[in-house]
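Residue-level structural notes
What follows is each chain in one-letter form.
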Amino acid sequence: MSSQIHIATRKGLFRLDRNSNGWSIGSPDFEGEHVSMMLQDYRDGTIYAALNHGHFGVKLHRSSDGGVNWEECAVPVYPEGATLGAGPFSTEAEPKPASLSEIWALEPGGVDQPNRLWCGTIPGGLFRSDDRGSSWQLIESLWDLPERQHWFGGGKDDPGIHSICVHPENSRQVVVSISCGGVWVTENDGESWRCKGDGIRADYVPPDQANDPNIQDVHRLVQSPSQPDIYWAQHHNGVFRTTDGANSWQELSGIKPSAFGFAVAVHPKQPETAWFVPAIKDECRVPVEGQFVITRTTDGGETSEILTKGLPGEHSYDIVYRHALDVDETGNCLAVGSTTGSFWISEDGGDSWQTISTNLPPIYCVRFVKT
Amino acid sequence: MVRVVFTANLERHLSCPETTVSGASVREVLDAVFETHQQLRGYVLDDQSRLRQHMIIFVDGKTIIDRVHLSDAITANSEIYVMQALSGG
């Protein structure tokens, strides 16, 4: 079972360690700073922290000694002249200049690409580094697609890439997901891309546009490590799953108490098991009836069970953002952090939960240290 | 020479001492500073070399007009203050 967790928050990067007395929270790195994303690379142990300074822009720091010392490295930079599409909801007549506003996804490449990192950003650029973040290259093959001009913001003003899934057995296959721009797949290490959303639907556009794959707001996409052709998607309008590498998607109607949410985690060894954190709906983003619950399915989404033991049963306004639910390599230990600074851990697959804190800053990202 | 002063809050992240340089516009002055403080550039300007949204620059007590091209003219004895705008939180 994992014994270390990183928590990226509005006011610092926290670390939890498990010892004989249970879990304990340490002093944060980057105290007071907005940490939008973090990664501890399982290949070499390097920790990365993406900061979002309100005034001074986005910065990326890395540590090679477990967080004792940090150094600022490079951030992705949009090339001179790069612009966003005007977008369907834009009030600006002209495309606006593209500038990095947030690092929203950070993932390691494959085991055969030891220095490779992938970075998803707002406003919609995918970047790649082959030197551990010392330099970055915009993936122009995706950025230059005409469809990209039609992406639009979901929850943020501009579109953003929030999920990057590198195939565990074929690192040249990468799947990314955009709010709002659907699911895009490369089979050749980013040389070309295809949008794959057959079966995903959206309620926030006119009916004849509902199945347009390029406007889908997948909130979070995760890939089954044990059966990599299976992906789970928590979408703005429901939960979807594919078992054929994103070629076709099925909507799962068995997720209770609601199908709206941001986060999803899949069991590392059981591809039919996944966890969600439902809220009422998009226009009322609070737990159903004030009761904070985790929902688990063990049969591929046909049915689900609502997990409540140890979680607040009333007066909860906790929402869990897309990167703030994680499961460890055993599938037994789960961690979840909320917008109101609550943090819970389960060591029995979600059957029961212990409250670690209700006083942390708003939580953006929760990640177990994996080896 | 033009005197350039940066908000003290930047010192939390990197060194940016008060400095004197020459230049005929805000752009020229800042470029001269960034020649010796390269990392500072990304803290003040965005990817398209515009003044960051929540930064503000005063030249001789007045805020600059051109936040995109930084073309506001300055004199040989101007004082430039690079500050945070309160809009940034």
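Residues numbered from 1 in each chain as written. Chains lettered and ligands numbered in written order. Predicted model: local features only at pLDDT ≥ 70, side-chain atom pairs only at ≥ 80, totals over all residues.

Concerning the overall build of chain A
Counting its regular elements, chain A contains 1 helix and 28 strands. Rg of the C-alpha trace for chain A: 19 Å, near the compact-globule value of 21 Å for 371 residues, within the 12% margin. Along the three orthogonal principal directions, the C-alpha set of chain A runs to about 55 × 50 × 40 Å. Sorting the 371 residues of chain A into buried and exposed places 50% on the buried side. (Helix = DSSP H or I, 4+ residues; strand = E, 2+ residues; numbered from the N terminus. Rg over C-alpha atoms; globule rule 2.2 N^0.38 Å. Buried ≥ 20, exposed ≤ 12 C-beta atoms within 10 Å, placed from the backbone.)

A word on the overall build of chain B
Broken down by element type, chain B carries 2 helices and 5 strands. Relative to a compact globule of 89 residues, whose C-alpha radius of gyration would be 12 Å, chain B shows 12 Å and is just as compact. In terms of overall dimensions, chain B has C-alpha extents of about 30 × 25 × 25 Å along its principal axes. Taking all 89 residues of chain B together, the buried fraction comes to 28%. In chain B, the share of contacts with a sequence separation of at least 24, taken over all contacts with a separation of at least 6, comes to 50%. (Contact = placed C-beta atoms within 7 Å.)

Side note on the sheet that holds strand E28 (residues 363-368) of chain A
Residues and elements named next belong to chain A. If you trace the 4 strands from one edge of the open sheet to the other, you get E3-E2-E1-E28, paired in antiparallel fashion. Every interior strand has two partners, whereas the edge strands, strand E3 (22-25) and E28, have only one. Each strand axis lies, on average, 20° off the axis of its neighbour in the sheet, ignoring direction. Where strand E1 (residues 4-9) lies against E28, 5 bridges are found, and the strand directions are antiparallel. Within E28, the position partnered with Ala8 by the bridge is Cys365. (Pairing = 2+ DSSP bridges. Axes fitted to C-alpha atoms, helices over the stretch in contact; angles between N-to-C directions.)

A look at the environment of Ser129(A)
Residue and element names in this part refer to chain A. Relative to the helices and strands, Ser129 resides in strand E10 (residues 126-129). The spatial distance from the C-alpha of Ser129 to the C-alpha of His34 is 23 Å, given a sequence separation of 95 residues. Apart from residues no more than four positions distant in its own chain, Ser129 is found in contact with Arg116, Leu117, Ser135 and Trp136.

A look at the sheet that holds strand E15 (residues 194-195) of chain A
All names here are of chain A. The sheet built from 4 strands is open, its strands ordered E12-E13-E14-E15 with antiparallel pairing. Each of the sheet's edge strands pairs with one partner strand only, and the pair in question is strand E12 (160-166) and E15. In the sheet, strand E14 (residues 182-186) pairs with E15 via 2 bridges, with the strands oriented antiparallel. Following the sheet pairing, Val185 is matched in E15 by Arg194.

Points about helix H1 (residues 26-36) of chain B
Residue and element names in this part refer to chain B. Looking at H1, one finds that the buried residues are Val26, Val29, Leu30 and Val33. Here the buried residues of H1 occupy an arc of 95° about the axis, which is enough to place them on one side. Of the surrounding secondary structure, the elements contacted by the buried residues of H1 are strand E1 (2-6), strand E2 (19-21), helix H2 (41-44), strand E3 (55-59) and strand E5 (79-84). (Arc of directions from axis to C-beta.)

Description of the nonpolar core
In terms of nonpolar packing, the biggest core is built from 102 residues, with Met38(A), Ala50(A), Ala263(A), Ala265(A), Ala324(A) and Val336(A) touching the most fellow members. For this core, the element with the most residues is strand E20 (residues 260-266) of chain A, which contributes 6 residues. If we skip the residues at most four places from it in the chain, Ala265(A) touches Val222(A), Ala274(A), Trp275(A), Leu325(A), Asp326(A), Val327(A) and Leu334(A). One finds Leu10(B), Cys16(B), Tyr43(B) and Leu45(B) within the second-largest nonpolar core, a separate group that totals 21 residues. (Core = buried A, V, L, I, M, F, W, Y, C linked by C-beta atoms within 7 Å.)

What about the pairing of strand E13 (residues 174-179) of chain A?
Regular strands place their side chains on alternate faces of the sheet. All names here are of chain A. The buried count for E13 comes to 6 of 6 residues, which makes it a mostly enclosed element. Every second residue of E13 is oriented toward a common face, with Val174, Val176 and Ile178 on one face and Val175, Ser177 and Ser179 on the other, all of them buried. Alignment of E12 against E13, held across 6 bridges, turns out to be antiparallel. Bridging from a neighbouring strand, Gly160 pairs with Ser179 of E13. Examined bridge by bridge, E13 and E14 share 5 bridges and lie antiparallel to one another. Bridge pairing links Val174 to Thr186 in E14. Connecting E13 to the next strand, E14, in antiparallel fashion are 2 residues.

Quick word on the environment of Leu138(A)
All names here are of chain A. Positionally, Leu138 belongs in strand E11 (residues 137-138). For Leu138, a count of 20 C-beta atoms within 10 Å puts it in the buried group. Note: C-alpha distance between Leu138 and Pro79 (59 residues apart in sequence) is 8.1 Å. Setting aside residues no more than four positions away along its own chain, Leu138 makes contact with Pro76, Tyr78, Pro79, Gly125, Phe127 and Trp143.

Observations regarding the pairing of E3(B)
Residue and element names in this part refer to chain B. Of the two faces of E3, only the one carrying Met55, Ile57 and Val59 is buried; Ile56 and Phe58 on the other face are not. Inspection of the sheet shows E3 paired to E5 by 5 bridges, in the antiparallel sense. Within E5, the position partnered with Ile56 by the bridge is Met83. Pairing between E3 and strand E4 (residues 62-63): 2 bridges, direction antiparallel. Opposite Phe58, over in E4, you have Thr63 as the bridge partner. Between the antiparallel neighbours E3 and E4 lie 2 residues, among them Asp60 with a positive phi of about 50°.

Re the environment of His236(A)
All names here are of chain A. Considering the arrangement of structural elements, one finds His236 in the loop between strand E17 (231-235) and strand E18 (238-242). Along the sequence, His236 and Ser64 sit 172 residues apart, while their C-alpha atoms lie 37 Å from each other. Not counting the four nearest positions on each side in its chain, His236 is found in contact with Gly154, Ala202, Tyr204, Asp217, His219 and Asp282.

Re unusual backbone geometry
Residue and element names in this part refer to chain A. Look at the link from Ser179 to Cys180: it is a cis peptide, with omega at 0°. Assignment of secondary structure puts Cys180 in the loop between E13 and E14. Following Lys256, the chain continues to Pro257 via a peptide bond in cis, the omega torsion being -5°. For Pro257, the position within the fold is in the loop between strand E19 (250-252) and E20. In this structure, Phe30 takes a positive phi of about 55° despite not being glycine. Relative to the elements of secondary structure, Phe30 occurs in the loop between E3 and strand E4 (35-40).

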